[in-house]
Amino acid sequence: MQTHPLSQQFNSRPLAENSTACPANATICNGTSCVLPEDNFNETLSVVLSTVLTVMLALVMFSMGCNVELKKFLGHIKRPWGIFVGFLCQFGIMPFTAFLLSLIFNVLPIQAVVVLIMGCCPGGTASNIIAYWVDGDMDLSISMTTCSTLFAMGMMPLCLFIYTKMWTDSDAIVLPYDSIGISLVALVVPVSFGMYVNYKWPSKAKVILKIGSILGTVLIVVIAVVGGILYKGSWIITPKLWIIGTIFPAAGYTLGFFLARVAGLPWHRCRTVSLETGMQNTQLCSTIVQLSFTPEQLELMFTFPLIYSIFQLLFALLILLGYRFYRRHRVKTKTDVEKTEEKEDSKSVSPHAKINGGFVSNETK
C-alpha cells in the first residue's frame with residue numbers, strides 16, 4: 001500500500017525497545033518503526049477551531065468598529081495621505097525587504113518564493129487590536145487594513161511577477177481571490193456594524209470596545225498557540241528561515257515607522273503605520289502556499305508563515321510594553337506642568353474663544 005509522504009513524516013513512531021511487533025493497524029512495518037494510518041484528529045480540530053476563531057474574530061472586529069467614527073474614517077478616504085504612506089510600506093517596503101533577505105541568506109528557490117509571498121500579503125486584522133492598545137489612530141488602522149486587502153487583488157500578482165522571476169514562474173503561484181474577498185467581507189461587515197453602534201449608542205460602544213479589546217488580545221495568543229499545536233510536526237526546517245522569520249517582521253515595524261515619520265505623520269499615526277506594515281495576513285500566506293506547492297515542497301517551507309506570525313506577535317507585544325512603559329514613566333512626569341499651563345492658558349483665553357471651544361489641530365485628535 002502506497003503512503004503519503006507527509007503521513008510517513010508525521011506518523012512514524014518508534015516501537016518500544018522490548019517490542020518486536022507492529023500495532024495491528026500499522027500499514028508498513030520496517031525494523032523498529034512503523035507507519036500508521038493518518039489521524040483525522042488534527043483535521044477535525046482545525047475545522048472546529050477555525051469556525052470558533054472566525055466567530056471570535058468577527059466579534060473582535062465589531063468591537064474595534066465601535067471605536068471608529070464615520071466622519072474621521074471618511075476623512076482618511078478623502079484625504080488618503082496616511083493610506084498612501086501605508087500603501088508604499090505594504091507593497092513597496094515589504095516585498096523589497098523579502099527579496100533582499102532571500103538574496104542575503106541565499107535560501108532555496110522554493111523557500112525564497114514563500115518569503116516573497118509573505119512580503120506581498122496585505123495587512124492582518126491583529127494590527128487593529130494592537131493599534132488600539134498603543135493609542136494609535138483606529139480610523140487610519142482600519143482604513144489601511146481595508147484598503148490593503150482590497151489593493152491586494154491587483155498588487156499581489158504584480159509584486160510576485162516582479163520579484164519571483166529569478167526563482168520561479170509567477171504563474172505557478174495560485175492566488176486565492178476568494179479568500180482575499182472573504183477576508184475583506186469579514187473585516188468590513190463587523191466594523192460597519194460597530195461604527196453604527198458607535199453612532200447610535202456611543203456609551204454602549206465604549207463598553208463593547210473594552211470587552212472586545214481584551215478578547216482580541218486573548219484571541220491573538222490563542223491563534224499562535226493553536227497554530228503551534230496543529231503544525232507541531234512541521235517545525236524541522238532550515239535555520240535560515242528561522243532567522244528570516246525573526247528579522248522580517250522587525251524590519252517591517254522599523255521601516256514602516258521611519259517612512260511614516262519622514263512623510264510628516266504625527267506620532268500616533270506613525271505607530272499605526274508601523275503596526276500595519278509589520279503585521280501581515282499570515283493566514284492568507286498559508287492558504288497560497290498550500291494551493292501552490294506539492295507535499296514534498298511544503299516540507300521545506302510550510303511552517304514559515306507560522307514562524308513569521310509568532311515573531312510578528314512577539315515584537316508587537318514588545319512595542320506595546322515599550323509604549324506603555326514610556327507612557328507611564330515619561331508622560332506622567334509632564335502632567336503637573338501641563339495642568340499648570342492649561343490653567344494659565346484658561347485665564348488668558350478670551351470669552352469669545354471659550355464660546356467657540358478654541359482650535360484643536362487635527363493632528364492631535
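Treat the numbers as computed from the prediction; the structure is a model and nothing was measured.

### Things to note about the side chain of Glu-276
- Here Glu-276 is to be found in helix α11 (residues 267–278).
- With no salt bridge to any partner, buried Glu-276 finds its closest opposite charge in Arg-271, at an N-O distance of 12 Å.
- Within the local environment of Glu-276, its side chain forms a polar contact with the side chain of Asn-128, the two groups lying 3.3 Å apart.
- Apart from residues no more than four positions distant in its own chain, Glu-276 is found in contact with Gln-90, Gly-123, Ser-127, Asn-128, Ser-141, Met-144 and Thr-145.

### Focus: the packing of aromatic side chains
- If you walk through the whole model with that rule in mind, you get 9 aromatic pairs.
- Consider the rings of Phe-87 and Phe-91, whose centres lie 5.5 Å apart with planes at 55 degrees: the pair is tilted. Residue Phe-87 and its partner Phe-91 are located together in helix α4 (residues 81–105), separated by 4 residues, close to a single helical turn.
- Taking the relative accessible area as the measure of exposure, Phe-87 reaches 24% and is therefore partly exposed.
- The exposure class of Phe-91 is buried, given its relative accessible area of 7%.
- Each residue in the set Phe-87, Phe-91 and Phe-151 is aromatic and connected to the rest through ring pairs, giving one cluster.
- Here Arg-261 stacks its cationic end above the ring of Trp-267, 3.8 Å away from the centre of that ring.

### A word on the confidence of the model for the chain
- The share of residues in the chain with pLDDT of 70 or more is 70%, and the mean pLDDT across the chain is 75.
- The low-confidence segment residues 1–20, where pLDDT is below 50, has 38 contacts with residues more than four positions distant or belonging to other chains.

### Let's talk about the pattern of salt bridges
- As enumerated under the stated definition, the model contains 2 salt bridges in all.
- Notably, a salt bridge pairs Asp-135 with Arg-327, separated by 2.8 Å at the nearest N-O pair. On the criterion of sequence distance, the pair formed by Asp-135 in the loop between α6 (126–133) and α7 (138–163) and Arg-327 in helix α14 (residues 304–331) is long-range, its members being 192 residues apart.
- According to the relative accessible area criterion, Arg-327 is partly exposed, its value standing at 36%.
- Ionic pairing is found between Arg-269 and Asp-137, a salt bridge with its closest N-O pair at 2.9 Å. With Arg-269 in helix α11 and Asp-137 in the loop between α6 and α7, the pair connects residues that are 132 residues apart, well separated along the chain. Accessibility assignment for this pair places Arg-269 and Asp-137 in one class, buried.

Reading the values: rules and limits
Numbering of residues starts from 1 in each chain and follows the order in which that chain's sequence is written. Restriction of local features to residues with pLDDT of at least 70 applies here, the model being predicted, together with a cutoff of 80 or more for giving and counting side-chain atom pairs; totals for whole chains, interfaces and linings are based on all residues. Excluding hydrogens and water, the side-chain figures rest on all heavy atoms present in the structure. Strands here mean DSSP runs of E at least two residues long; helices mean DSSP runs of H or I at least four residues long; both are numbered from the N terminus. Burial classes follow relative accessibility: with a 1.4 Å probe on protein chains only, a residue under 20% of its type's maximum area counts as buried, one over 50% as exposed, and anything between as partly exposed. Counted as positive: Lys and Arg. Counted as negative: Asp and Glu. His and the chain ends are not counted at all. Salt bridges, as used here, are contacts in which a Lys or Arg side-chain nitrogen is within 4 Å of a carboxyl oxygen on Asp or Glu. N or O atoms within 3.5 Å of each other form a polar contact, as long as, within protein, one can give a hydrogen and the other can take it, and as long as residues adjacent in sequence are counted only when both atoms are side-chain atoms. Contacts are assigned to residue pairs with any non-hydrogen atoms lying within 4.5 Å of each other. Two rings belonging to Phe, Tyr or Trp (six-membered ring only in the last case) form a pair when the distance between their centres is within 6.5 Å. Interplanar angles under 30 degrees mark stacking, angles over 60 mark edge-to-face geometry, and anything in between is tilted. In this scheme, the term charge over a ring applies when either NZ of a lysine or CZ of an arginine sits within 6 Å of the ring centre and within 35 degrees of the ring normal. The pLDDT value expresses, per residue, how confident the predictor is, ranging between 0 and 100.

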